[in-house]
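Examination of the molecular architecture
Residue strings, one per chain:
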Amino acid sequence: MGYEWGVLTGGRECLTIVNMSGLLYITPLLFALASFPALPQSTATLVGVVRDGSGSAVPEVAVTLRNPAAGFTRQVVSGADGTFVFRNLPLQSYELVVEKAGFVGHAEAVTLRSNIPVERVVTLSLASVQTTVEVSVSDRAALVDPQETSTRAQMNQTEIERLTSQAGARGLEGVLLTFPGFSQNANGAIHPRGAHNQMTYVIDGMPITDQLTGAFANAVDPNIVQTVELYTSNIPAEYGSKTSAVANVTTRSGMGSGRVLGGSAMVSGSEFSTMQGLLQLAGERGRWGYSGSVNTMKTQRYLDQVSLENLHNGGNLERGHLRVDYQPSGRDTLRWNVLTGRSSFESANLRSQQANGMRQRQGLADVSAMFGWVRTLNAATTFDVTASMRTAEAELRPSVGDTPVTAEQTRRLTTYTWWNRYNAVRGSHTFKVGLDVQAFPVSERFTFGITDAGFNVPGSEGYISTLQAFDLTRGGRLFRFQKSRAGAMYTGFAQDNVKWGRWVFSLGLRYDNYRFLVNGQQFQPRIGVAYHLRETGTVLRASYNRTYQTPPNENLLLSNSEEASVLVAPDVRETLGGALVLIKPETQNFYEVGLQQGLFGRASLNVSYYHKAARDQQDNNNFFNTGIIFPMTLARIRVNGVEGRLVLPSWRGFTATVAATHARAISTPPFTGGLFIGNMAVDALSAGPFVIDHDQKLGLQSVVQWSGQKGWFWTASVRYDSGLVTNPSDPDEVALDPDHADLLPYVNLRGTPPRTLPRTITDVSAGYARMKNERRVWELGVQVANLFDKTALFNFQSLFVGTRVVAPRTVGARLRWFF
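Residues numbered from 1 in each chain as written. Predicted model: local features only at pLDDT ≥ 70, side-chain atom pairs only at ≥ 80, totals over all residues. Heavy atoms only, no water.

1. Considering the overall build of the protein
So the rule is basically this: A run of DSSP states H or I qualifies as a helix once it reaches four residues; a run of E qualifies as a strand once it reaches two. Both are numbered from the N-terminal end. Buried residues are those whose accessible area, probed at 1.4 Å on protein chains only, stays under 20% of the maximum for their type, while exposed residues exceed 50% and partly exposed ones sit between those limits. Residue contacts are defined here by distance: any two heavy atoms, one from each residue, within 4.5 Å place the two residues in contact. The Shrake-Rupley method, run with a 1.4 Å probe, gives the accessible areas here. Residue values count only the displayed protein chains as cover.
Across its full length, the protein carries nine helices and 42 strands. In the protein, which comprises 819 residues, the share counted as buried stands at 60%. Look at the contacts in the protein between residues 6 or more apart in sequence, and 69% of them connect residues 24 or more apart. Surface exposure of the protein reaches about 30,700 Å², of which carbon and sulfur atoms provide 58%.

Here it is, written out as structure tokens:
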């Protein structure tokens, strides 16, 4: 079958490629477009009609939309009137392919950059005996995105379902680790481009800026994801607060499913007594669509363990999601989203803590609700509003055997957000203007006391005199803290994507006004440019971003309190120039250059170099040995990095990606905000610049997936990490410590700087999907995480996160039914 090719961009054009002879053919589509509402926020809609050379509708045409580099493929069949529609699409470039027996096939490029519906009219010509098969010139174009000015990657639900993963409470962060730009840390923590965390998750337009790791909050369930897009540079001006990376998640929708009820049920099990259940439902009826899921898990290895033995580490997790779409009219679309999660788990013990009978537990609970409304003003303009609320609670419960300290905590963070967006397409311009308001009441309660007479002994080296009042073994009392405050942030932004020949310009400006424990404001230009070399399949890009990273709200009141400043040692006060300095937002200047390159019509390569310079660098500290993590800031950080991602789209059933990351992160004291209540590393941290624990020389992640025509599939994932920076502990002293001595073979404490040793972890999975009438009926899979049982450390006695051990080899299986 021959293909004819057209390159089309923008939002308002109605174009045909073959024998277009007037507005007669366009008119039906314009009526369809006028009656088809936009979808909320960060997804796009493509509508179209297929006709023959005489102008008659062509029904039952296979219409495919795909992005090979992103692994995205979706297919629909045109209706009796020749119309077709694709909903809930990520904002990017696609290849549209239209095929029907007896007609010459048609392919064209389509770029979707806003929630304004894009229309296409396709006219097919009859095939003849003389028709020759042509190679589509889309091979190069489909492998790169000529309008992309940032580093962005994407993964879809099929790829996510087939990924191997560790047993336990891992969420969407396990998916993000397959992209370049991240170094892996314990309990699901990931460091984007040398930052501590500072990520924003946008779930169907609802922003979540909480620290979503195992110890802070329940992570996003990857089972609800239809597509996830990751931005790590040239962040659009509509996103702020935490922008070291933005994960834009589009959840599964029941709209367009063609069924009132469908779904799946899954059960799985693995070592460490891990059991998991998942139920998913979706469907549509009339103007309504819905999708929902419930996910439960119970395991004896909930968090990454703190010693080679997995001690006191059980937990359970329940997560739920519901999405409802409603189209009351041809101009309006409404959406409701609810996310909820609850977990209860044991705090992992060291050997000494286990022997002493320490049995601390933690609990996390959250609920998020969102309402979104999109009004289509005309064929080129929309206005949308999103209102959301998220409440996250955390609890640490003490036990009788707590050692060397005991602690109890409850905290609650509620975030209210109101987003307003005006979207318009005018010629080569795609505009977006917005006004946002966010309010966040915070409450914290915390108690603390020393329970081990051998901890902080008067007269000993490292003795902290200010802690004596809270030494329960020497007649002291519990330290008590309780406070509630409320903050707000007010935002305005404007952004415009401009296409001019081979050039694309991304122009944005954001203004944030932050009001909480400190007040601040910042204008933030977000500028990017891309140039497309069509002849070689190359896209060159460069960008500059000014960002304003607001402090994390978790334990922020404690870290900024006069009450807690009494714990700061006198020599620390002297070294750092005070006991307490309020944490200010981090300001960053971020520069990047990069390129996309199509390779031999089979693969794509995306490479970038970046430099980040920031003031008031945000990080975390550990409240002695309590497991309470609180924020702090240092004077400056500079990060230089190189990244690359090679993607092999589907070829004979195979897909493959290889991601490489190098980052050099240098922090400069003194500490400029929060509490620094230990003194074991004051000299090192106040003497001059040092390599922080986010630094890693090399991270490599490769994923290979294969799906056969008879239902068999397998996935292999290999990750190499050269090692994060650790605390400069004395190896001779560690050798005498029964809690840590056996970990010395896995860390190089004599290095400059000291690091955990390199590790290579291989995960594999395989399975079989039973198909009937092109639908899955059931699916069986097995997986082995850490196939070669590699013993390794994420970090060791880190001043910021402590010690954590990589999970050993874990074998599991799952069974899933579809209905």
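Alright, that's what it looks like, and here's the rest.
2. Considerations on the nonpolar core
To be explicit about the condition: Side-chain atoms within 4.5 Å are what join buried Ala, Val, Leu, Ile, Met, Phe, Trp, Tyr and Cys residues into a set we call a nonpolar core.
Counting 33 residues, the largest nonpolar core has Phe 446, Phe 448, Phe 479, Tyr 514, Phe 516, Leu 558 and Phe 623 as its most contacted members. Within the residue set of this core, elements represented by two or more residues are strand E23 (405-426), strand E24 (429-450), strand E25 (479-500) and helix H6 (556-559). The dominant element in this core, judged by the number of residues it contributes, is E24, at five residues. Leave out the neighbours within four places in its chain, and Phe 446 touches Ala 407, Glu 408, Gln 409, Phe 479, Arg 480, Phe 481, Leu 558, Phe 623 and Ile 628. Ranked by size, the runner-up nonpolar core spans 29 residues in total, among them Met 155, Val 175, Val 225 and Ala 245.

3. Some thoughts on the packing of aromatic side chains
Condition: Each pair of aromatic rings taken from Phe, Tyr and Trp, with Trp reduced to its six-membered ring, is defined by centres within 6.5 Å and is described as stacked if the planes are under 30 degrees apart, edge-to-face if over 60, and tilted in the remaining cases.
Per the counting criterion, the structure on display carries 21 aromatic pairs. Arranged with centres 4.7 Å apart and planes meeting at 40°, the rings of Tyr 511 and Phe 523 form a pair that is tilted. Remark: Phe 523 occurs in strand E27 (residues 519-533) and Tyr 511 occurs in strand E26 (residues 503-515); sequence separation between them is twelve residues. Look at Tyr 511 and you get partly exposed, because its relative accessible area is 22%. By relative accessible area, which is 53% here, Phe 523 ends up exposed. Between Phe 590 and Tyr 610, the ring centres sit 5.6 Å apart and the planes meet at 10°, which makes this aromatic pair stacked. Of this pair, Phe 590 sits in strand E29 (residues 586-599) while Tyr 610 sits in strand E30 (residues 603-622), and the two are 20 residues apart along the sequence. Looking at Tyr 610, the relative accessible area reads 0%, which means it is buried.

4. A word on the environment of Ala 219
Take Ala 219: it is sitting in the loop between strand E13 (206-208) and strand E14 (225-231). The spacing of Ala 219 and Gly 171 is 48 residues in sequence and 5.0 Å in space, taken between C-alpha atoms.

5. Here's the deal with the sheet that holds strand E5 (residues 83-89)
Quick reminder of the rule: Any two strands with at least two DSSP-identified bridges between them are counted as paired. Geometry is summarised by axes, namely lines fitted to C-alpha atoms with helices restricted to the contacting stretch, and by angles between N-to-C directions that run from 0 to 180 degrees.
Reading across from one edge, E5-E2-E8 is the order of the three strands in this open sheet, with mixed pairing throughout. Bordering the open sheet on either side are E5 and strand E8 (118-124), each of which pairs with just one other strand. Each strand of the sheet is rotated relative to its neighbour by a mean of 20°, with strand direction disregarded. Bridge count between strand E2 (residues 44-52) and E8: seven bridges; the pairing is parallel. Across the sheet, residue Val 49 finds its bridge partner in E8, namely Val 121.

6. Quick notes on the side chain of Arg 252
Put simply, the test is: Here a polar contact is recorded for every N or O atom pair within 3.5 Å, except that within protein the pair must consist of a potential hydrogen donor and a potential acceptor, and residues adjacent in sequence are included only if both atoms are side-chain atoms.
Mapped onto the elements of the fold, Arg 252 is located in the loop between strand E15 (245-251) and strand E16 (262-270). The exposure class of Arg 252 is buried, given its relative accessible area of 17%. Of the polar contacts made by the side chain of Arg 252, one reaches the backbone oxygen of Asn 223; its length is 3.4 Å. Other than its neighbours up to four places away in sequence, Arg 252 contacts Gln 157, Glu 161, Asn 223, Ile 224, Val 225, Gln 226, Gln 280, Ser 291, Arg 323 and Arg 816.

7. Remarks on the sheet that holds strand E12 (residues 199-203)
As summarised here, the arrangement of the five strands in space is E9-E14-E15-E12-E13, forming an open sheet in which the pairing is mixed. A strand with exactly one partner marks an edge of an open sheet, and here the two such strands are strand E9 (152-156) and E13. Adjacent strand axes in the sheet meet at a mean angle of 20°, parallel and antiparallel pairs treated alike. One ladder, built from three bridges, connects E12 with E13; its direction is antiparallel. For Ile 203, the partnering residue across the bridge sits in E13 and is Met 206.

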